[in-house]
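# Understanding the architecture of this molecule
The primary structure of each chain is shown beneath.
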Amino acid sequence: MVDSDPILVERDGAVGRLVMNRPDKHNALRFDDLDVLVEALHGLEDDDEIKVIVLKGNGKSFCSGHDYNDAALSYGLEPGPDGRKPRRPSQRKRLARDRRLGENYKAFQYALKPVIAQVHGVCTGAGLYLVELVDLAVAADDTRFSHAEQRLGLAGNTWHLNSQILQYGPKRARELLLLGDDFDGPAAREMGLVNRSVPRADLERTVEDWAHRIAQHPRDALVTGRAMWQMAMDSLGGSDQFARGYVGHTLGTNLRFEDDEFNFLKERARTGTREAFASRQRHYTTD
């Protein structure tokens with residue numbers, strides 16, 4: 001494990017840390033990075049010295065979601081060296097890729113040990129999914145949360161709707177997914193996404209205090225309590241959507257856009273990724 005690795009693992013007595021480490025990209029996750037993150041999660045689960053896990057990001061942000069350029073390449077949307085778009089992957093290949101993504105998210109909901117998200121900067125898309133799925137979350141007051149990824153053509157089609165509805169309530173969940181608006185740490189605390197919103201200078205200290213307090217529990221108690229939590233969520237239907245979410249994602253990433261609709265892919269091909277995101281922001285907001 002070297003400092004340039006996209007995922008770093010730290011061990012400090014009973015506390016393990018998973019650190020997303022692409023600070024120049026606001027810790028945007030490539031598909032392979034998420035695979036590595038889950039492998040690292042399992043490694044800490046298997047380490048009997050570790051009682052509690054902290055999930056955080058290096059640099060200015062927690063996680064800005066999936067790396068869109070990597071996603072476009074994975075779904076056959078990037079032109080080849082000759083400038084021609086390759087043949088799109090088959091539905092069977094897309095379903096297999098998306099099922100793997102869904103299983104990666106599910107690994108955090110089904111973690112064997114308590115996981116605390118330490119959130120700052122930008123937290124959107126895949127980054128926000130992780131915060132929604134872990135046990136506890138502490139955010140800096142000025143964190144910028146959003147489900148802006150829904151503006152790429154998903155409009156409420158996502159991996160874990162059941163747990164989002166349980167967390168926010170049905171009306172608020174639909175609002176967050178359909179509008180994709182930014183909200184800050186205090187708002188996240190009010191709607192139940194995070195447990196605490198604190199000044200940025202107090203964030204790490206607060207998370208470390210919580211982690212060490214949780215680590216006072218016996219190992220068996222923490223693992224048993226986590227298993228009971230999972231069964232309670234299952235009884236409420238919290239995990240049912242994972243079995244369907246990957247199908248929805250495959251359909252949602254294979255949309256047909258009409259001429260009068262904002263087409264991010266076409267805009268990206270015309271102006272580049274950065275300007276396409278800016279155009280998307282202008283299209284979906286009025287202020």
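Computed from a prediction, not measured in an experiment: that's the story for all the values here.

Criteria and thresholds
Residues numbered from 1 in each chain as written. Predicted model: local features only at pLDDT ≥ 70, side-chain atom pairs only at ≥ 80, totals over all residues. Heavy atoms only, no water. Axes fitted to C-alpha atoms, helices over the stretch in contact; angles between N-to-C directions. Helix = DSSP H or I, 4+ residues; strand = E, 2+ residues; numbered from the N terminus. Parallel < 35°, antiparallel > 145°, perpendicular 65-115°, else oblique. Left-handed = near helix turned anticlockwise from the far one by under 90°. Contact = heavy atoms within 4.5 Å. Nonpolar A, V, L, I, M, F, W, Y, C, P; charged D, E, K, R; others polar. Phe/Tyr/Trp six-rings, centres within 6.5 Å; stacked < 30°, edge-to-face > 60°. Buried < 20%, exposed > 50% of the residue type's maximum accessible area, 1.4 Å probe, protein only. Lys NZ or Arg CZ within 6 Å of the ring centre and 35° of its normal. Polar contact = N/O pair within 3.5 Å; in protein donor to acceptor, adjacent residues only side chain to side chain. 1 Å grid on protein atoms, 1.4 Å probe; cavity = no way out; pocket = protein on both sides within 12 Å on 5 of 7 lines; lining within 4 Å. Points joined across faces, edges and corners; volume = space filled by probe spheres on them. Expected span 1.5 Å × (residues − 1). Arc of directions from axis to C-beta. Pairing = 2+ DSSP bridges.

## Description of the packing of helix H3 (residues 91-109) against helix H10 (residues 242-252)
Two quantities define a packed helix pair, namely the angle between the axes and the distance from one axis to the other. With their axes 8 Å apart at the nearest point, H3 and H10 run at an angle of 135° to one another. Of the possible angle classes, the one that applies to H3 and H10 is oblique. With respect to the hand of their crossing, H3 and H10 are arranged in right-handed fashion. Here Gln91, Arg94, Leu95, Asp98, Arg99, Gly102, Tyr105, Lys106 and Gln109 of H3 lie close against H10, whose contacting residues are Phe242, Tyr246, Val247, His249 and Thr250. Residue composition of the contact of H3 with H10, by class: five nonpolar, five polar and four charged.

## Concerning the packing of aromatic side chains
Inspection of every chain in the model, using the stated rule, returns five aromatic pairs. Arranged with centres 5.3 Å apart and planes meeting at 90°, the rings of Tyr105 and Tyr129 form a pair that is edge-to-face. Remark: Tyr129 occurs in helix H4 (residues 126-133) and Tyr105 occurs in helix H3; sequence separation between them is 24 residues. Here Tyr105 and Tyr129 have matching classes, each one buried. On the numbers, 5.5 Å between centres and 55° between planes, the contact of Tyr105 with Trp159 is tilted. Of the two residues, Tyr105 is situated in helix H3 and Trp159 in the loop between strand E7 (144-146) and helix H5 (161-168); the sequence distance between them amounts to 54 residues. In this structure, Tyr105 and Trp159 share a single accessibility class: buried. Pairwise contacts between aromatic rings join Tyr105, Tyr129 and Trp159 into one cluster. In this structure, Lys106 is placed above the aromatic ring of Tyr110, and the distance from its NZ or CZ to the ring centre is 5.5 Å.

## Regarding the side chain of Arg151
Summarising the element assignment, Arg151 is placed in the loop between E7 and H5. Residue classification places Arg151 among the buried positions, given a relative accessible area of 5%. Excluding residues within four positions of it along the chain, Arg151 makes contact with Leu179, Gly180, Asp181, Arg280, Gln281, Tyr284 and Thr285.

## Things to note about H5
Turning to H5, its buried residues are Asn162, Ser163, Gln164 and Tyr168. Buried residues along H5 sit in contact with H3, H4, helix H6 (170-179), helix H9 (219-235) and H10.

## A short note on the side chain of Thr206
Position of Thr206 relative to the elements: it lies in helix H8 (residues 203-214). Here the side chain of Thr206 touches Asp202 through a polar contact of 2.7 Å, landing on its backbone oxygen. Other than its neighbours up to four places away in sequence, Thr206 contacts Val138 and Val198.

## Section: the layout of surface pockets
Of the voids in this model, the largest pocket is the one considered here, and its volume is about 1400 Å³. Around the largest pocket, the lining is made up of 49 residues, and of these Ser64, His66, Tyr68, Phe277 and Arg280 lie nearest the centre. At the level of elements, helix H2 (68-74), H3, strand E5 (122-124), H4, E7, H10 and helix H12 (273-284) are the ones that each hand at least two residues to the lining of the largest pocket. No other element matches H12, which puts six residues into the lining of the largest pocket. There is about 340 Å³ of room inside the second largest pocket. Glu132, Val134, Asp135, Gln167 and Trp229 are, among the 20 residues lining the second largest pocket, the residues nearest its centre. Counting only elements with at least two residues in the lining of the second largest pocket, the list comes to H4, strand E6 (136-140), H5 and H9. Here the residues of the lining of the second largest pocket sort into eleven nonpolar, five polar and four charged.

## Structural notes on H9
Across its 17 residues, H9 extends 25 Å between first and last C-alpha, which sits within 8% of the 24 Å expected from 1.5 Å per residue. Listed as buried for H9 are Leu222, Arg226, Gln230 and Met233. End-on view of H9: buried residues confined to an arc of 75°, all on one side of the axis. Residues of H9 that are exposed and angled more than 90 degrees away from the buried face: Asp220 and Ser235.

## With respect to the pairing of E6
Buried residues dominate E6, accounting for four of its five residues. In terms of strand pairing, strand E4 (residues 115-119) meets E6 through four bridges, oriented parallel. Following the sheet pairing, Gln118 is matched in E6 by Val138.

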